[in-house]
Amino acid sequence: MKRFLPWIILPVAAALIFPNWVPPKTAANDFDFSGFGKIPVLVGGRVKPLDTVARNSLLIIHGKQELRLESGRRLGAMQWLTDVLFNAPVADQYPVFVVQNADVLGLFGWEQTDRKYFSFAEFAPFLKQIDEQAAQSDKLEAVQRSAYQSAILNLRNGLSLYQRLKNSIQPEGAQNFAAELQRFKSTVPGAAKAARERAMGENFDKAKLNDVAELIQRYERLSQMAYMLVVPPMGLPGSAPPATGNGEWHSVGDTLLGSVGTGEIHPIVIEYAIIGDAYRANAPSVFSQHVQLITDWFAKEQPKATKRASFEFLFNWFQPFSQSMTLYVLAFLLACASWLGWSAPLRRSAFYLLLLALAIHTFGLVSRMYLQERPPVTNLYSSAIFIGWGAVIVALILERIFRDGIGAACAGAIGFVTLIIAHHLAGSGDTLEMLQAVLDTNIWLATHVVAITTGYSAMFLAGMLAIIYVVRGVFTRSLKKQTADSLARMTYGVVCFATLFSFVGTVLGGIWADQSWGRFWGWDPKENGAVLIVLWCAIILHARWGGFIRQRGLMIMALFGNIVTSFSWFGVNMLGVGLHSYGFMEKAFPWLVGFMISQLALMCVAAMPLEKWRSFQVAPIPSRGEQPQISPAPSAG
Amino acid sequence: MLHKLLDLITSLKLTIICLAAAMALIFAGTLAQVHLGIHEAQQRYFQSMFVWWPPDGRGFHVPIFPGGHLIGAVLLINLIAAHVKRFRWTWRKLGIHLTHAGLIIMLAGGLFTDLFAVESHMRLANGDTKNYSEDMRETELAVVDTSSDDLDQVTAIPESVLRHNRVIDHWTLPFQIVVRNFYQNSRLKMLSQAGEGARPIANQGPGAMIAVEPAPPATAADERDVPSAAIEILPKDGSSLGTWLVSDALGAPQTFACGGRTWMIRLRPSRYYKPYSVTLQKFTHEKYGGTEIPKNFSSKVTLIDPERSVDRDVLIYMNHPLRYRGETFYQAGFQPDDSATILQVVHNPTFIAPYVACVIVAAGLLVQFGFHLVGFSRQRRGAVA
């Protein structure tokens, strides 16, 4: 039984996450939301599938990637987006906007109840007021805003995103858009003739001109509002849309304005119009058929974008990081359990689970690199993913060498925590955003950033080892001498590793700065954060070599390393100064402070006299002069 | 006694104390940047021998913590002394020696850069040609003799001289300049808009219609002080020509006549003249499709150096500076409407030090930890077997 335990646990865990492995299937008589979600569009400078736009928009507005209606019905992000795009009156009733600030509710004369989601229709009468209030707080720096000011600004941004989405493919409220486009197409030549006649001073057909002028105004508004650029670079022969500086993709409105000159309407615009009309007319088969037509068109005209977009669709569905998160927790629990009994089989189960989790984690990381065509770390979100990944690998190597469950427990804990952090960092929208000009260099992203984050990984791993040392030593009797010694050896080795990577990463950062700003060192907060880690590593190593600290001192210093590293990773960004600050994160602040306090508390616990440590209680305490190392004798238990 | 001192400066304890002090200093200096701005915090904490309290007290103030230069210097001495004293050549120590040799290069290079590097800006509109760059903080009072047709004689008086309310008497000038008021940072307003009781500080030129309000020193990284001063011109015969307002905020230079010659005065960013010139052909600012996110900035310039017979076009863009005659030109910024480019010009004779140091230290750490790892795995194998 014991021998087969890993082979029972592994398939059970795999089965647990299995449902996400099968791509979503659409029933024949249903709207093909999956197919629709795979169509590529350009938003934020990146070509991505509609599904990503839907998920990110809903995440920004609603805080989740799924919408639960009051009736209890669940709406996927794509279903929600399709309603927003084509059936605005229905979408306006969905309770999507989150407002939890009592002052914001008070602005509309509403009392705060336990309801926190509101629909667009409810805000519609107050749009002007919201806009004015938000414009006031927009003038302030993020750090200076009060809770009310941040909340109203958030609401305004959500509402504006929502309204732009509604006007991305067709003018909001259009009933029969395909027919409207036909009319537009047929009247344009007549109107053009009338315009020429007017210019020549001849008699002209005023009605024809007015008719088109009205539509042109409508499409101008559409082109200003559009959030997505849905028409890819191709264009009919001779129908170059006006140069708008939007790269080569264009919005529906832009393309239609361009049609005035040519009298031709881009096939994609017509297809989208038919899809929208079919959706409103509740005709799933027409909808699905034309989604297929667009898909085929893209596959032919934009093969690379199409491939990438369908891959991203699957990536969104698969959600590799939340799956590995589940597995990391399980592995952590198994590894901890292995210290209580059934050591070998539990430890081996944890190890195999971790390998599976790491494989999925790696898949996610590599997928992101493929989608973005970048090295792994490009923003705070991806740094969390990478730190977890690096730490898990090093911890698994430790587990492989020492085979005592400690590496496995560290891997599980760090993998889980970093992925949770990443999950909470994703709330601001697309995590695969385009990079500011100065960051647009794969060499430095691949060397400096990767080295720095690997250094963070190692520091957190050393800190985690110290946590295990202190918790097991103080609160349990399970810290035997051999375990304590191997923990110390692991911590020391990992600190050496951290020193190397932090140092090299910091200096590479300096060299990058020298290449792009002309100075090696600018005392920027993020630079200072990085050098703090290097200094702390140097102190630990010198203190150890000089014999100023022994096992316990090493652990206490490694715990402090957690504080230094978290300051460097997150703390400096909250200062709101310098070239590396990626925005103020007020929500993360209490968590950061909480984490630092917890580490200080653990340091205090570790500083307690050894006779208070449960693992060391039975043994006579050796005096420091006699023995170079604290050598706890095995406890009786 | 000497022996004890030697023990102290070569001790590992001193190293650790210095490193810990450096951490505390960097932490405090980083937090101080929130209120002081990067530049000011850098001056007080990192580029100083001591951190003083109260920070800007003119009268009584005491050093409360060693500053960056002091810690760096002590660390450097400690590092060199310890290695001179304990140096024994063995292969096992190779890693440690390499690491510390690299660190010495890096620290010394950092100190040199701090002392000798000069950073300035060159702002060029499309088609502009300049043979000078301008300091980002310091200003100078330029007094120009424009009488000659083909040559302007410029006398530049640095801000630091003006700041101390001095009488300025220079052999090139047939008059004395008396600094009546000096404002480190100021806002200029037309008298009509400045409200009741506002008085001009000058009686000549446009300054007679302008009120000057003092302002607190700029802290944000992208702001610079707008210094202003009232200066009186006293010809050598003892009369007075009147008082002029000079300010970085006044664009055009002002002129007056004295000693039969025409003079132009202007308070402007300090200039660094170069033996070559740079002409901006075109500034380009690319954005990602459908967004305002900048994708790339680039400046196409023509570099002309008659001395070395150079006349060529150069493209300066993000992460690709132009290095020429000991100076490096970086794409640093641009005018909001894309009409002008701002190049950062850096003269740093020791820029190569960190590159060399990085390679040496990295190699040293690899060797050192490699020894540990090999030793450790041998031990493990021994234990298992």
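Residues numbered from 1 in each chain as written. Chains lettered and ligands numbered in written order. Predicted model: local features only at pLDDT ≥ 70, side-chain atom pairs only at ≥ 80, totals over all residues.

On to the sheet that holds strand S10 (residues 228-235) of chain B, then. All names here are of chain B. Overall, antiparallel pairing links the four strands, which are arranged S6-S7-S10-S11 in an open sheet. Every other strand in the sheet has two partners, leaving strand S6 (167-169) and strand S11 (242-247) as the edge strands with one partner each. The average angle at which neighbouring strand axes cross in this sheet is 30°, direction not considered. As paired elements, strand S7 (residues 175-183) and S10 share eight bridges and run antiparallel to each other. Its bridge partner lying in S10, Gln176 is registered against Leu234. (Pairing = 2+ DSSP bridges. Helix = DSSP H or I, 4+ residues; strand = E, 2+ residues; numbered from the N terminus. Axes fitted to C-alpha atoms, helices over the stretch in contact; angles between N-to-C directions.)

How big an interface is tends to be reported as the loss of accessible area on association of its parts. Contacts between chain B and chain A engage 45 residues on the former and 48 residues on the latter. At the level of secondary structure, the elements contributing two or more residues to the side of chain B that touches chain A comprise helix H2 (12-46), helix H4 (94-116), strand S14 (294-305), strand S17 (327-334), strand S18 (340-347) and helix H6 (353-384) of chain B. Broken down by element, the side of chain B that touches chain A gets its largest block of residues, 15 residues, from H2(B). Across the side of chain B that touches chain A, the residue classes break down as 28 nonpolar, 14 polar and three charged. (Contact = placed C-beta atoms within 7 Å. Nonpolar A, V, L, I, M, F, W, Y, C, P; charged D, E, K, R; others polar.)

What follows concerns helix H13 (residues 267-280) of chain A. Residue and element names in this part refer to chain A. In this model H13 runs 20 Å from its N-terminal to its C-terminal C-alpha over 14 residues, within 8% of the 20 Å that 1.5 Å per residue would give. When H13 is considered as a whole, its buried residues turn out to be Ile268, Val269, Tyr272, Ala273, Ile274, Ile275, Gly276, Asp277, Ala278 and Tyr279. Tucked inside the fold, the buried residues of H13 contact helix H4 (77-86), helix H10 (177-200), helix H12 (252-262) and helix H14 (284-301). Trailing H13 by a residue or two, Asn282 shows a phi angle of about 55°, which is positive. (Expected span 1.5 Å × (residues − 1). Buried ≥ 20, exposed ≤ 12 C-beta atoms within 10 Å, placed from the backbone.)

The next point concerns the domain arrangement of chain A. Along its sequence, chain A is carved into domain 1 (177-304), domain 2 (320-428) and domain 3 (442-616). Placing the centre of domain 1 of chain A and that of domain 3 of chain A at their C-alpha centroids yields a distance of 57 Å. (Domains from an automatic or database assignment.)

With that settled, consider unusual backbone geometry. Here A:Glu373, not a glycine, exhibits a phi torsion of approximately 55°, which is positive. Mapped onto the fold, A:Glu373 is located in the loop between helix H17 (343-372) and helix H18 (380-402).

Residues and elements named next belong to chain A. The interhelical angle for the contact between helix H11 (residues 206-225) and H12, taken along N-to-C directions, is 145°, at an axis separation of 7 Å. Relative to H12, H11 is oriented so that their crossing is left-handed. Contact residues: Ile216, Tyr219, Glu220, Leu222 and Ser223 in H11; Val252, Gly253, Asp254, Leu256, Leu257 and Val260 in H12. In the contact of H11 with H12, the residues fall into seven nonpolar, two polar and two charged. (Left-handed = near helix turned anticlockwise from the far one by under 90°.)

Residue and element names in this part refer to chain B. Residues with a pLDDT of 70 or more make up 96% of chain B, whose mean pLDDT is 84. Taking the mean pLDDT of every element in chain B, the minimum, 81, falls on H6 and the maximum, 90, on strand S15 (residues 310-317). For this predicted complex, the interface score ipTM comes out at 0.83, while the overall pTM is 0.84. (pLDDT = per-residue confidence, 0-100.)

Take the environment of A:Val572 next. Among the structural elements, A:Val572 can be located in the loop between helix H23 (551-569) and helix H24 (588-606). Note: C-alpha distance between A:Val572 and A:Gly529 (43 residues apart in sequence) is 6.8 Å. Ignoring sequence-local partners within four residues, the contact set of A:Val572 consists of A:Pro525, A:Lys526, A:Gly529, A:Phe567 and B:Thr30.

The next thing to look at is the environment of A:Ala54. Residues and elements named next belong to chain A. Inspection of the secondary structure assignment puts Ala54 in helix H3 (residues 50-62). Ala54 sits 150 residues away from Phe204 along the chain, and the two C-alpha atoms are 47 Å apart. With residues near it in sequence (within four places) discarded, Ala54 still touches Gly37, Ala77, Met78, Trp80 and Leu81.

It is worth spelling out the nonpolar core at this point. Residues and elements named next belong to chain A. Grouped together as the largest cluster of nonpolar side chains are 148 residues, with contacts concentrated most on Ala331, Cys410, Ile414, Leu461 and Leu465. Excluding residues that lie within four positions of it along the chain, Leu465 makes contacts with Ile406, Cys410, Leu487, Met490, Thr491, Val494 and Ala558. Of all hydrophobic cores here, the second largest spans 74 residues; its members include Leu42, Val84, Leu229 and Ala305. (Core = buried A, V, L, I, M, F, W, Y, C linked by C-beta atoms within 7 Å.)

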